[in-house]
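Residue strings, one per chain:
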Amino acid sequence: MTVRVGIPKGLLFYEYESFWRVFFESLGVEVIFSPDTNKDIMKNGLKLCEEEACLPVKIFHGHVLELADKVDMLFIPRIRSLHYREYYCPMICGLPEMVKNSVSLLPSVIDDTIDYYKHRYYKGGVVRMGLKISSDQSKIKKAYCKACKGLQNKNDYQKIPTDKNEKSYTIAIIGHTYNLTDHYMNMNLIKKIKGEGFQVLTSCMVSCGKTQPYLSKVPKRIFWSCGREILGAGLYYMHQQNIDGIIYVSCFGCGVDSLIEPYLSQQLKKVRPIPYLVISLDEHTGEAGLNTRLEAFLDMIRWRRSCANHISSYGGNLYSC
Amino acid sequence: MIVSFPHMGSPVPYKKIFECLGHDVIVPPVPSQRTIDMGVKYSPEFACFPFKVLLGTYMEAIELGAKVIISSGGHGPCRAGFYSEVQQRILQQLNMSVEFIIFDSPNHGGYQDFWHNLIRLKGKSSWFHFMRSVNLVYHMIHILDQLERQLEIKRAYEVVPGTCSKTWEKIQEDFSNLVNVSKDLKAIENLSKERIEKINVEVPGEDEKIRIGIVGEIYVVMEKNVNMKLEEKLGALGVEVERSQYLSHWVDYNMIPKWIKHSHEEAILKKGEKYIEINIGGHAKQTVGHIVDYKERGFDGIIHLMPFACLPELVSQSIIPRISQELDIPVISFSIDEQTGLANNLTRIEAFVDLIRNKKRRLIYNKCVAGL
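Another aspect to go through is the sheet that holds strand 1 (residues 2-4) of chain B. Residues and elements named next belong to chain B. Reading across from one edge, 2-1-3-4 is the order of the 4 strands in this open sheet, with parallel pairing throughout. Looking at which strands have only one partner, the edges of the open sheet turn out to be strand 2 (24-26) and strand 4 (99-103). Pairwise comparison of adjacent strand axes, ignoring direction, gives a mean angle of 30 degrees for this sheet. Relative to strand 2, strand 1 runs parallel, the two sharing 3 bridges. Residue pairing for strand 2: isoleucine 2 is matched across the bridge by aspartate 24.

In structure tokens, the structure reads:
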């Protein structure tokens, strides 16, 4: 019988899913993903996890519990750094520790460290993980190469339209990939906006090359990979003339967002004051609040173009740019 | 330069070094309700608690006329490394512009900045004088920490409540006013030791003593005005206290290269390895290491302090139940936030101390019975 490896669908899963699937499948094991986030998963996660932790980490706990009795091995890597001079947030660095101590009766966990900043290569960590499944080093290395190829293919970013469209509106949504991709957590935000006839661009679409010129102007180097990605995308979209508004999707208790968001909003005020909305996701599942805010925001963008007379009813000019 | 600095523990060493280098120093008021209120008002919602208190402290310092704020930075993954960037911008928005001099560790590619900051700090004094001042303050930090540790133990047994705290105030005053060159240190140290000797104590038998270690994030552990004056509260309950964080440890670990001196922290980190493999930022690993260390040294209980929404401490908090079980040592966690109501936490502390005392008594009782 083949070994079953479970990968919880949370946090960095959305970015590196293809890599790990290819890697483990090449090693001849069966890969089982947890289902998309649903009410039970969220409820279990909230119960298991520390109450002050951020929402995605809580949901991750739920996913782990979902898989715990279905698989022989759980895959929860300890990812400290994936780029030079950058880290992930402390919660992601300490994720296996958190999970192992909060969820009881876990199967064995593949929890080796990947620390690119310290070791300057990924292979070591990945091979160590492979060794827990098979003892054949060359097979693991082959699987690693194969998985890398898959990752490279995935990495050609979509072309971002930059010309201003008179008829439709374009909105940039920025935030952690897991906030944007987990549709249960963000209550189908992107779908809702698209349903209103808006064009949506997300922070995952922007490549490093595009964000680099903007990030290099930030006085202190940002040391979180996710923070760099978000801030870079935010600054990039801010300078694109075809973007009509920016939505920042944050979540309860996110440490990175708590400092990146004020920075971005200030920059936005200085450079190009366009409509800007911060949505902070939490475990509430009532959608009315979100819908109202979203509708108001979209209306504002529409009216800005159709009937902006640039005369505000109060004080200074509200939104001329 | 008119400089100011954030509070963390005793302000005397910080004040001394800037004074020695010929700067005008403004010591900000100790963090109070007003400080916290001001900080909370202008900080991002989910920023961690030290961020808010520091912002409040800076604002109070600026009100008093500070022009330059000197603080330490960081390089991740903990948020503290990015504090000053955001705080600077918030202050700018409030028309309270001030210059920040942030000392980042030069090991992470910032030699130039570090050097530049050092020269600014040196001011007009000579390098010889600079080194002499640094040396003076370095020794002063070590002496002050030693004295404080003695007081933390004595406080549990003082006859007149509050004597130790008063003595500590006096000692700080002495060091602040009377020490100007390294030669003075010895005399003042002896004077302080005499002061400590003079405190009347009633020391109970070894079986009756209770020792509690305080672990957690450095700011809330060291700044007593933020952590409800925990040490004094515990002292009043007759408990010997030791903190996991002292300024001297921090300086030894972060500022002295390893080839000069191996710091105490390294041994602690080694002990924490079993529970947290890698350094995940902040003081999570130290927290875990210190719990193991305290257990080995025969402490009776641990109090874990963390600021609200501290990322690394959250990880250690989720591991603590396991450590507590494996090592058989009671641990209680306090999440410190802008809520300054004491009754709740005080009750928890009292209950915790009672629990430890009863546990200890039962052990002794069992031993006696077995002996009979």
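Now, onward.
By convention here, two paired aromatic rings are described through the distance between centres and the angle between planes. Residues and elements named next belong to chain A. Overall, the coordinates contain 28 aromatic pairs over all chains when judged by the stated rule. Ring plane angle 80 degrees and centroid distance 5.3 Å describe the contact between phenylalanine 13 and tyrosine 14, whose orientation is recorded as edge-to-face. What makes phenylalanine 13 buried here is its relative accessible area of 8%. Note on tyrosine 14: relative accessible area 18%, which makes it buried. Judged by centre distance (4.6 Å) and plane angle (20 degrees), the rings of tyrosine 116 and tyrosine 122 are stacked. Classification of tyrosine 122 as partly exposed rests on a relative accessible area of 29%. One aromatic cluster is present, formed by Phe19, Trp20, Phe23, Phe24, Phe75 and Tyr144 through successive ring pairs.

To continue, consider the side chain of glutamine 240 of chain A. Residues and elements named next belong to chain A. Tracing the backbone shows glutamine 240 in the loop between helix 12 (225-238) and strand 9 (245-251). Residue glutamine 240 is classed as buried on the basis of its relative accessible area, which comes to 13%. Beyond its immediate chain neighbours, meaning those up to four positions away, glutamine 240 contacts Thr162, Tyr214 and Arg272.

Bringing the pairing of strand 6 (residues 240-243) of chain B into the picture now. For a regular strand, the rule is simple: side chains alternate between the two faces of the sheet. All names here are of chain B. Burial of strand 6 is two-sided: the residues Glu240 and Glu242 facing one way and the residues Val241 and Arg243 facing the other way are all buried. Relative to strand 6, strand 5 (residues 211-216) is paired through 4 bridges, and the arrangement is parallel. In the sheet register, isoleucine 212 faces strand 6, and the bridge partner there is valine 241.

All names here are of chain B. The strand order across the open sheet built from 4 strands is 6-5-7-8, with neighbouring strands paired in parallel fashion. Of all strands in the sheet, those bounded by a partner on one side alone are strand 6 and strand 8 (331-336). Shown here is a sheet whose adjacent strand axes are inclined to one another by a mean of 25 degrees, direction ignored.

What follows covers the pattern of salt bridges. Overall, the coordinates contain 46 salt bridges over all chains when judged by the stated rule. The salt bridge involving glutamate 97 of chain A is made with arginine 78 of chain A; its shortest N-O contact spans 2.9 Å. Of this pair, glutamate 97 of chain A sits in helix 5 (residues 95-102) while arginine 78 of chain A sits in strand 4 (residues 78-81), and the two are 19 residues apart along the sequence. Across this residue pair, the class does not change: glutamate 97 of chain A and arginine 78 of chain A are buried. Each of the salt bridges in this network shares a partner with another, and the network as a whole consists of Arg78, Glu97, Lys100, Asp111, Asp112 and Lys132 of chain A together with Glu277 of chain B.

What follows deals with the pairing of strand 8 of chain B. All names here are of chain B. Counted residue by residue, strand 8 has 5 buried out of 6 residues, so it is predominantly covered. Bridge count for strand 7 (residues 301-307) against strand 8 is 6 bridges, and the pairing is parallel. Bridge assignment links methionine 306 to a residue of strand 8, and that residue is serine 335. With respect to chirality, the unit in which strand 7 leads through helix 14 (residues 311-327) into the neighbouring parallel strand 8 is right-handed.

Chain B puts 40 residues into the contact, and the matching count from chain A is 37 residues. A per-residue breakdown of the area chain B buries against chain A is headed by Phe46, Phe82 and Arg89 of chain B, which together make up 20% of the total. Viewed at the interface, chain A and chain B are joined by 2 salt bridges. Aspartate 104 of chain B is the partner of lysine 220 of chain A in a salt bridge, and the nearest nitrogen-oxygen pair spans 3.1 Å. Where chain B meets chain A, there are 12 residue pairs in polar contact (both at pLDDT 80 or more). Elements represented by at least two residues in the side of chain B that touches chain A include exactly helix 4 (83-93), strand 7 and helix 14 of chain B. Partitioning the side of chain B that touches chain A into residue classes produces 23 nonpolar, 11 polar and 6 charged.

Our focus in this paragraph is helix 14 of chain B. Residues and elements named next belong to chain B. In a regular helix each residue adds 1.5 Å, so 17 residues correspond to 24 Å; helix 14 covers 24 Å between its end C-alpha atoms and thus fits that length. Along helix 14, the sharpest change in direction is near 40 degrees and occurs at isoleucine 319; proline proline 321 comes one to four residues later. Of all the residues in helix 14, the buried ones are Leu311, Pro312, Glu313, Leu314, Val315, Ser316, Gln317, Ser318, Ile319, Ile320 and Ile323.

Turning our attention to the domain arrangement of chain A. All names here are of chain A. Domain annotation for chain A reports domain 1 (4-154) and domain 2 (169-320). Here domain 1 packs against domain 2, burying approximately 2000 Å² in sum over the two surfaces, 64% of which is carbon and sulfur. It is Tyr14, Leu55 and Glu86 that lose the most area in domain 1 upon contact with domain 2, and together they represent 26% of the buried surface on that side. In this structure, the connection of domain 1 to domain 2 is made through 3 salt bridges. Between arginine 228 and glutamate 86 there is a salt bridge, and its shortest N-O distance comes to 3.1 Å. The interface formed by domain 1 and domain 2 contains 9 residue pairs in polar contact (both at pLDDT 80 or more). Of all elements in the fold, only helix 1 (13-26), helix 2 (39-48) and helix 3 (55-68) reach the threshold of two or more residues within the side of domain 1 that touches domain 2. In terms of residue count, the dominant contributor to the side of domain 1 that touches domain 2 is helix 3 (4 residues).

The next thing to look at is the packing of helix 5 of chain A against helix 14 of chain B. Between helix 5 of chain A and helix 14 of chain B, the least distance of the axes is 8 Å, while the angle of their chain directions is 35 degrees. For the pair helix 5 of chain A and helix 14 of chain B, the crossing hand works out as left-handed. Residues Glu97, Met98, Asn101 and Ser102 of chain A of helix 5 of chain A form the contact with helix 14 of chain B, whose participating residues are Leu314, Val315, Ser318, Ile319 and Arg322 of chain B. Residue composition of the contact of helix 5 of chain A with helix 14 of chain B, grouped by class: 4 nonpolar, 3 polar and 2 charged.

One finds Trp20, Phe24 and Tyr237 of chain A to be the most contacted residues of the largest nonpolar core, which totals 194 residues. Mapped onto the domain boundaries, this core takes at least three residues apiece from domain 1 (4-154) and domain 2 (169-320) of chain A. Not counting the four nearest positions on each side in its chain, tyrosine 237 of chain A is found in contact with Ile160, Ala172, Ile174, Leu201, Thr202, Ser203, Met205, Val206, Ile243, Ile246 and Arg272 of chain A. Grouped together as the second largest cluster of nonpolar side chains are 17 residues, Val12, Ile143, Phe175 and Ile196 of chain B included.

Cut-offs used in this document
- Residues numbered from 1 in each chain as written.
- Chains lettered and ligands numbered in written order.
- Predicted model: local features only at pLDDT ≥ 70, side-chain atom pairs only at ≥ 80, totals over all residues.
- Heavy atoms only, no water.
- Pairing = 2+ DSSP bridges.
- Helix = DSSP H or I, 4+ residues; strand = E, 2+ residues; numbered from the N terminus.
- Axes fitted to C-alpha atoms, helices over the stretch in contact; angles between N-to-C directions.
- Phe/Tyr/Trp six-rings, centres within 6.5 Å; stacked < 30°, edge-to-face > 60°.
- Buried < 20%, exposed > 50% of the residue type's maximum accessible area, 1.4 Å probe, protein only.
- Contact = heavy atoms within 4.5 Å.
- Salt bridge = Lys/Arg side-chain N within 4 Å of Asp/Glu carboxyl O.
- Right-handed = clockwise from strand over helix to strand, strands pointing away.
- Buried area = accessible area lost by both parts, 1.4 Å probe.
- Polar contact = N/O pair within 3.5 Å; in protein donor to acceptor, adjacent residues only side chain to side chain.
- Nonpolar A, V, L, I, M, F, W, Y, C, P; charged D, E, K, R; others polar.
- Expected span 1.5 Å × (residues − 1).
- Bend = angle between axes of the 7 residues up to and from the residue.
- Domains from an automatic or database assignment.
- Left-handed = near helix turned anticlockwise from the far one by under 90°.
- Core = buried A, V, L, I, M, F, W, Y, C linked by side-chain atoms within 4.5 Å.

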